[in-house]
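A structural walkthrough
These are the residues of each chain, in order.
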Amino acid sequence: MADASFTIRSLEPKDYADWAAIYNCPQVQRNTMSLPFGSEDAARQRLEARSDSFRSLVAEVDGRVVGQVGLNVERGRRSHVGVVGIMVHDDYTRRGIASALLAAMLDLADNWLNLHRLELQVYTDNEAAINLYQKFGFEIEGALHDYAYGDGRYLDAFEMARLRPRP
């Protein structure tokens, strides 16, 4: 999938340096479970150790990976569920990259993996992300108090989910 300014494709092991750079962005660290000072070697190892249940798409600009969306497909009685995570490099926000990544992942989940329920967690003060998820049909199902620690404080999160629309 391509836009005038970026291309959506599958995440490859060779992308580890760009992937690590995204994880090291201050806003990505603030809005994900990422910790500061992640190494390229740790990113490479993590990419090489991916399970078969994990799908990942990236946005590429001029040969550089600047965004990523991941989908982990659950197993057993929850094999109809996928857990979504998304991040965009701080220098590339507000360009439609997150929307394009999420749309591509929803197409994969709905039309190829036959997933019925998608879930995610988002910090309650991340209004831009909450608005994005709601635009794609995710609804807030509950609040998770003191969900994570970051920026020197405990952070609350929303549990959000989207059920695949029926035809």
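Residues numbered from 1 in each chain as written. Predicted model: local features only at pLDDT ≥ 70, side-chain atom pairs only at ≥ 80, totals over all residues. Heavy atoms only, no water.

1. A look at unusual backbone geometry
- Even without glycine at this site, Asn 114 takes up a positive phi of about 55°.
- Here Asn 114 lies in the loop between α4 (97–111) and β5 (117–123).
- Of note in the backbone geometry, Asp 146 takes a positive phi value of approximately 50° without being a glycine.
- For Asp 146, a relative accessible area of 49% puts it in the partly exposed group. (Helix = DSSP H or I, 4+ residues; strand = E, 2+ residues; numbered from the N terminus. Buried < 20%, exposed > 50% of the residue type's maximum accessible area, 1.4 Å probe, protein only.)

2. Things to note about the packing of aromatic side chains
- Under the definition given, this model contains three aromatic pairs.
- A ring pair is formed by Trp 19 and Tyr 23, whose centres lie 5.2 Å apart and whose planes are at 85°; its orientation type is edge-to-face. Placement of the pair is Trp 19 and Tyr 23 together in helix α1 (residues 16–23), with a separation of four residues, close to one helical turn.
- Among the residues examined, Trp 19 registers a relative accessible area of 3% and is labelled buried. (Phe/Tyr/Trp six-rings, centres within 6.5 Å; stacked < 30°, edge-to-face > 60°.)

3. What to know about the packing of α4 against helix α5 (residues 127–135)
- At a closest axis distance of 11 Å, the pairing of α4 and α5 adopts a crossing angle of 40°. Here α5 runs oblique to α4, going by the angle between their axes. Considering the relative orientation of α4 and α5, their crossing is right-handed. Along its contact with α4, which presents Ala 98, Ser 99 and Leu 102, the element α5 presents Leu 132, Tyr 133 and Lys 135.
- A class-by-class count of the residues in the contact of α4 with α5 yields four nonpolar, one polar and one charged. (Axes fitted to C-alpha atoms, helices over the stretch in contact; angles between N-to-C directions. Parallel < 35°, antiparallel > 145°, perpendicular 65-115°, else oblique. Left-handed = near helix turned anticlockwise from the far one by under 90°. Contact = heavy atoms within 4.5 Å. Nonpolar A, V, L, I, M, F, W, Y, C, P; charged D, E, K, R; others polar.)

4. Examining the sheet that holds strand β7 (residues 153–163)
- On the basis of which strands lie adjacent, the open sheet formed by seven strands has the order β1-β2-β3-β4-β5-β7-β6 and mixed pairing. The sheet terminates laterally at β1 (7–10) and β6 (139–150), the two strands that pair on one side only. On average, each strand axis in the sheet is tilted by 25° relative to the strand beside it, whichever way the strands run.
- Inspection of the sheet shows β5 paired to β7 by seven bridges, in the antiparallel sense. In the sheet register, Leu 120 faces β7, and the bridge partner there is Met 160.
- Sitting on the sheet, α1 is in contact with β3 (64–73) and β4 (81–88), with an inclination near 85° to β3.
- Each of β4, β5, β6 and β7 touches α5; the most contacted strand, β5, lies at about 165° to it. (Pairing = 2+ DSSP bridges.)

5. What to know about the pairing of strand β2 (residues 54–61)
- Counting buried residues along β2, six of its eight residues qualify, which places the element largely inside the surrounding structure.
- Bridge analysis of β2 against β3 gives eight bridges, and the strand direction is antiparallel. By the bridge assignment, Glu 60 is partnered in β3 with Val 65.
- The hairpin turn running from β2 into β3, its antiparallel successor, is two residues long, and Asp 62 in that turn takes a positive phi close to 50°.

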